[in-house]
Amino acid sequence: MEFTPEHELFRKSLRGLLEREFEPHLDEWEAAEAMPLHDIFRTLAGAGALGLEYDPAYAGQGADHSYSVILGEELGRLDAAFSMAVSVQTDMSTPSLHRFGTHALKERYLAPAMRGEMVTSIAVTEPDAGSDVAALRTRAVQDGDEWVINGTKLYITNGTQADWVCLLARTSDEGGYRGMTQILVPTDVPGFRVSRKLNKLGNRASDTAELSFEDMRVPVANTIGEIGRGFQQQMAQFQNERMIACYTAVGAMGRAIERTVEYVRQREVFGKPLLDHQYLQFRLAELTAELDLLRHYNYACAEAYLRGDDTSRFATIAKLKAGRLQREIADWCLQFHGGIGYMEETWTAGFFRDSRLLSIGGGADEVMLRTLARLEGFGTA
Ligand SMILES: Cc1cc2nc3c(=O)[nH]c(=O)nc-3n(C[C@H](O)[C@H](O)[C@H](O)COP(=O)(O)OP(=O)(O)OC[C@H]3O[C@@H](n4cnc5c(N)ncnc54)[C@H](O)[C@@H]3O)c2cc1C
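Basis of the calculations
- Residues numbered from 1 in each chain as written.
- Predicted model: local features only at pLDDT ≥ 70, side-chain atom pairs only at ≥ 80, totals over all residues.
- Heavy atoms only, no water.
- Helix = DSSP H or I, 4+ residues; strand = E, 2+ residues; numbered from the N terminus.
- Rg over C-alpha atoms; globule rule 2.2 N^0.38 Å.
- Buried < 20%, exposed > 50% of the residue type's maximum accessible area, 1.4 Å probe, protein only.
- Contact = heavy atoms within 4.5 Å.
- Areas by Shrake-Rupley, 256 points an atom, 1.4 Å probe, with all protein chains shown as cover.
- Patch = residues over 30% accessible without salt bridge, like charges linked within 9 Å, V, L, I, M, F, W, Y side chains within 5 Å.
- Salt bridge = Lys/Arg side-chain N within 4 Å of Asp/Glu carboxyl O.
- Expected span 1.5 Å × (residues − 1).
- Near = heavy atom within 4 Å.
- Polar contact = N/O pair within 3.5 Å; in protein donor to acceptor, adjacent residues only side chain to side chain.
- Nonpolar A, V, L, I, M, F, W, Y, C, P; charged D, E, K, R; others polar.
- Lys, Arg positive; Asp, Glu negative; His and termini not counted.
- Pairing = 2+ DSSP bridges.

(A) Structural detail: the overall build of the protein chain. When you go through the protein chain residue by residue, the secondary structure sums to 13 helices and 10 strands. In terms of overall size, the protein chain behaves like a compact globule, its C-alpha atoms giving a radius of gyration of 21 Å where 381 residues would be expected to give roughly 21 Å. Taken along its principal axes, the extent of the C-alpha atoms in the protein chain is 80 × 50 × 40 Å. Counting all 381 residues of the protein chain, 54% fall into the buried class. When contacts within the protein chain are restricted to residue pairs at least 6 apart in sequence, long-range pairs at least 24 apart make up 73% of them. When the accessible area of the protein chain is evaluated, it comes to approximately 16,800 Å², of which 52% is carbon and sulfur surface.

In structure tokens:
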């Protein structure tokens, strides 16, 4: 992956913006368990940080995927709640709309989202269908030129503030992977309800909701792409989700190691700085090596994506590795801080809690293993 001076300029100005505009508020948002997403997205859009790869006709920046790698790495340096909220908007709830949506739908919903005027969510998971997406039950039935939607979606990020959600619903009785459709669902329509705001272990500033749909009527014109191809379209959208999650994870882990090195350099134990104990040097060197491998694996994945190749295998392996490595790094960073690392006043405590999510959200580690085993042709199950 070659980063040009333009890339480095983008990285520098983005880092400056994130540190200036948002970092000072992270603790306050964590305590409030909420972030003002409309304000945040407007500021990011004003700096040209939303819709990096999207068509300028819909308020995109017309750049290529290499800029999304930088966006992810820089977002990751802040905190997980913040990076997740932003990447849901940029890489999880909108890729299908950009790829498959009609001009009218993109003008009405994608452009405002990329201008930071609308907040968006991706709604796939249900109480009885998480890892097994094909088991989902939310149903949309066609009545004239409207879909009538009934069902429940669970753990929906940005869900309490969303202006529209990219919903995956069952639209025929075919069952399994067939008969699902992606529908753009505005949240100001009767029948939509935020039924619960959920209380979480980590990522506390990010709002996570249960959403209910009761005889909600949405125009059939809000269909994203092809009726009956929703599962396949969502699987493609999941690749974008996993890639950005891995880019942000690298940013987060890199910053965590930097902060830990700063601490152990000045903390004295047994008459010398902690960092002068060889065990710490070696452990930190090992973690740095693992992180470097993931960073460069991400770059190989991004290059494949830029060539237009299928990145399922890359994204699956990167997501598995990122989830496990982030748990390991969070644990060691806390360990090397000792008691103060266990205190909520130190960043390590929140980072430890936040870091548990990546092995579950966006497809659990075991789902990555299942996908990889299938790709490799191991077994028949
Ligand atoms: C904070 C947070 C935010 C989220 N945001 C969103 C969002 O915005 N939109 C959205 O649609 N979803 C979202 N999710 C949902 C997330 O993607 C699911 O939680 C995840 O896919 C796992 O599904 P599940 O929770 O139903 O677990 P289950 O499917 O019940 O699985 C439980 C566990 O079983 C294991 N397992 C699963 N399958 C297998 C297998 N084949 N073999 C062996 N073991 C297996 C795994 O360890 C897994 O963790 C979010 C979740 C969280 C926690």
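The discussion continues.
(B) Fine view of a nonpolar patch on the surface. Residues Ile 340, Tyr 342 and Met 343 make up a contiguous nonpolar surface patch of roughly 320 Å² in combined accessible area. Residue placement: Ile 340 occurs in helix α11 (residues 339-342).

(C) Expanded view of helix α5 (residues 80-92). An ideal rise of 1.5 Å per residue puts 18 Å on 13 residues; α5 reaches only 15 Å between its terminal C-alpha atoms. Counting buried residues in α5 gives 12 out of 13 residues, a clear majority hidden from the surface. Those residues of α5 that sit buried are Ala 81, Phe 82, Ser 83, Met 84, Ala 85, Val 86, Ser 87, Val 88, Gln 89, Thr 90, Asp 91 and Met 92.

(D) Molecular detail of the site of the ligand. Taken together, 19 residues lie around the ligand, and Ile 122, Thr 125, Ser 131, Tyr 155 and Glu 366 are the ones closest in. A distance of 2.7 Å separates an oxygen atom of the ligand from a polar atom in the side chain of Ser 131. Side-chain polar atom of Glu 366 to an oxygen atom of the ligand: 2.7 Å apart, as the coordinates give it. The fraction of the free accessible surface of the ligand (980 Å²) that becomes covered by protein chains is 64%. Elements represented by at least two residues in the shell around the ligand include exactly β1 (120-123), β3 (146-157) and α13 (365-375). Across the shell around the ligand, the residue classes break down as nine nonpolar, seven polar and three charged.

(E) Examining the side chain of Arg 242 more closely. Among the structural elements, Arg 242 can be located in helix α8 (residues 230-266). One buried charge, Arg 242, has no salt-bridge partner; the nearest side chain with opposite charge is Glu 241, at 6.3 Å. Residues contacting Arg 242, with those up to four places away along its chain left out, are Ala 315, Lys 319, Gly 362, Gly 363 and Met 368.

(F) Representation of the pairing of strand β5 (residues 180-186) in the model. Within β5, seven of the seven residues are buried, which leaves the element mostly enclosed by the surrounding structure. Across the two faces of β5 the burial is the same, with Met 180, Gln 182, Leu 184 and Pro 186 and Thr 181, Ile 183 and Val 185 all buried. As defined by bridge partners, strand β4 (residues 164-170) adjoins β5 across seven bridges and the pair is classed as antiparallel. Residue pairing in the sheet places Leu 167 in a bridge with Ile 183 of β5.

(G) Region of the structure containing unusual backbone geometry. Its identity as a non-glycine residue notwithstanding, Asn 158 has a phi of 65°, on the positive side. Structurally, the position occupied by Asn 158 is in the loop between β3 and β4. Given a relative accessible area of 0%, Asn 158 falls into the buried group. Even without a glycine there, the phi angle at Asp 215 is positive, about 45°. The residue Asp 215 is located in strand β7 (residues 208-219) in this model. In this structure Asp 215 comes out as exposed when scored by relative accessible area, which is 55%.

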